[in-house]
Amino acid sequence: RSSICGRKAAISARRLQRDYKEITDSETPLVGVSAKPLPDDLYEWHGNLRGPTGTKWESGVFHFKMNFTTNYPSEAPTVSLFTPIPHPNVFGTKICVDFIEGAGKGLYETGWVPAYTIESILL
């Protein structure tokens, strides 16, 4: 069992490193949002989101945290917001969006798939 856990951790660590490289090496940088892992913990990322121009959040900078498990990318990270914000997709510190939450029930499936990257979340 420990060898399976070790392999999963190695796979998730490599994927997190690849996702970080995708963000830092992108020819088209993300605008208004940034995130990176803690220096001593690849599984905990912190970031900031600037409120979009022309919205009631325009002057705000919103701090968030993403926590990953050794099941990443098979399992979505949890995303927590630490700056209070009145928004229909924010419940306390929890951000609720279909593609991070579990599979939906409808004509088309929604929910997390391993093809999503950290950049997908930040977009």
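Quick note: structure is the one above.
Below you will find a few notes about this structure. (Residues numbered from 1 in each chain as written. Predicted model: local features only at pLDDT ≥ 70, side-chain atom pairs only at ≥ 80, totals over all residues. Heavy atoms only, no water.)

## So, the overall build of the chain
Cut-off, in case you're wondering: Here a strand is any run of E in DSSP of at least two residues, a helix any run of H or I of at least four, and the numbering for each starts at the N terminus. Partly exposed describes any residue whose relative accessible area lies between the buried limit of under 20% and the exposed limit of over 50%, with all areas from a 1.4 Å probe on protein chains only and scaled to the type maximum. We call two residues contacting when some pair of their heavy atoms lies within 4.5 Å.
For the chain, the count of helices and strands is 2 helices and 6 strands. Each helix (α) and strand (β) of the chain, taken in turn from the N terminus, gives the series α-β-β-β-β-β-β-α. Looking at the chain as a whole, 32% of its 123 residues qualify as buried. Restricting to contacts in the chain with at least 6 residues of sequence separation, those with at least 24 account for 40%.

## Here's the deal with the side chain of T117
In this structure, T117 sits in the loop between strand 6 (94-95) and helix 2 (118-122). Judged by relative accessible area, which is 12%, T117 ranks as buried. Those residues in contact with T117, other than ones at most four positions away along the chain, are R15, D19, E22 and Y72.

## Quick word on the nonpolar core
It is characteristic of soluble globular proteins that their nonpolar side chains tend to be buried jointly. Under the convention used in this document: Only buried residues count toward a nonpolar core. Its members are Ala, Val, Leu, Ile, Met, Phe, Trp, Tyr and Cys residues joined through side-chain atoms within 4.5 Å.
L16, W45, F64, M66, F68, I118 and L122 are the most contacted members of the largest nonpolar core, which totals 22 residues. Looking at this core, the elements that each hand over two or more residues are helix 1 (2-25), strand 1 (33-38), strand 2 (41-50), strand 3 (61-67), strand 4 (78-81) and helix 2. When sequence neighbours within four positions are dropped, the list of residues in contact with F68 reads L16, Y43, W45, P77 and I118.

## Things to note about the pattern of salt bridges
Worth spelling out the cut-off: One side-chain nitrogen of Lys or Arg within 4 Å of one carboxyl oxygen of Asp or Glu is enough to make a salt bridge.
Counted by the stated rule, this structure contains 2 salt bridges. Among the salt bridges present, the one from D19 reaches R15, with a minimum N-O distance of 2.9 Å. You can see D19 and its partner R15 sitting in helix 1, 4 residues apart, about one turn around the helix. Judged by its relative accessible area of 9%, R15 falls in the buried class. In this structure, D25 and K21 form a salt bridge, with 2.4 Å as the shortest nitrogen-oxygen distance.

## Considerations on unusual backbone geometry
Cis rather than trans, the peptide bond between Y72 and P73 has omega equal to 10°. By the element assignment, P73 lies in the loop between strand 3 and strand 4.

Such coordinate-based values are descriptive only and should not be taken to indicate function.
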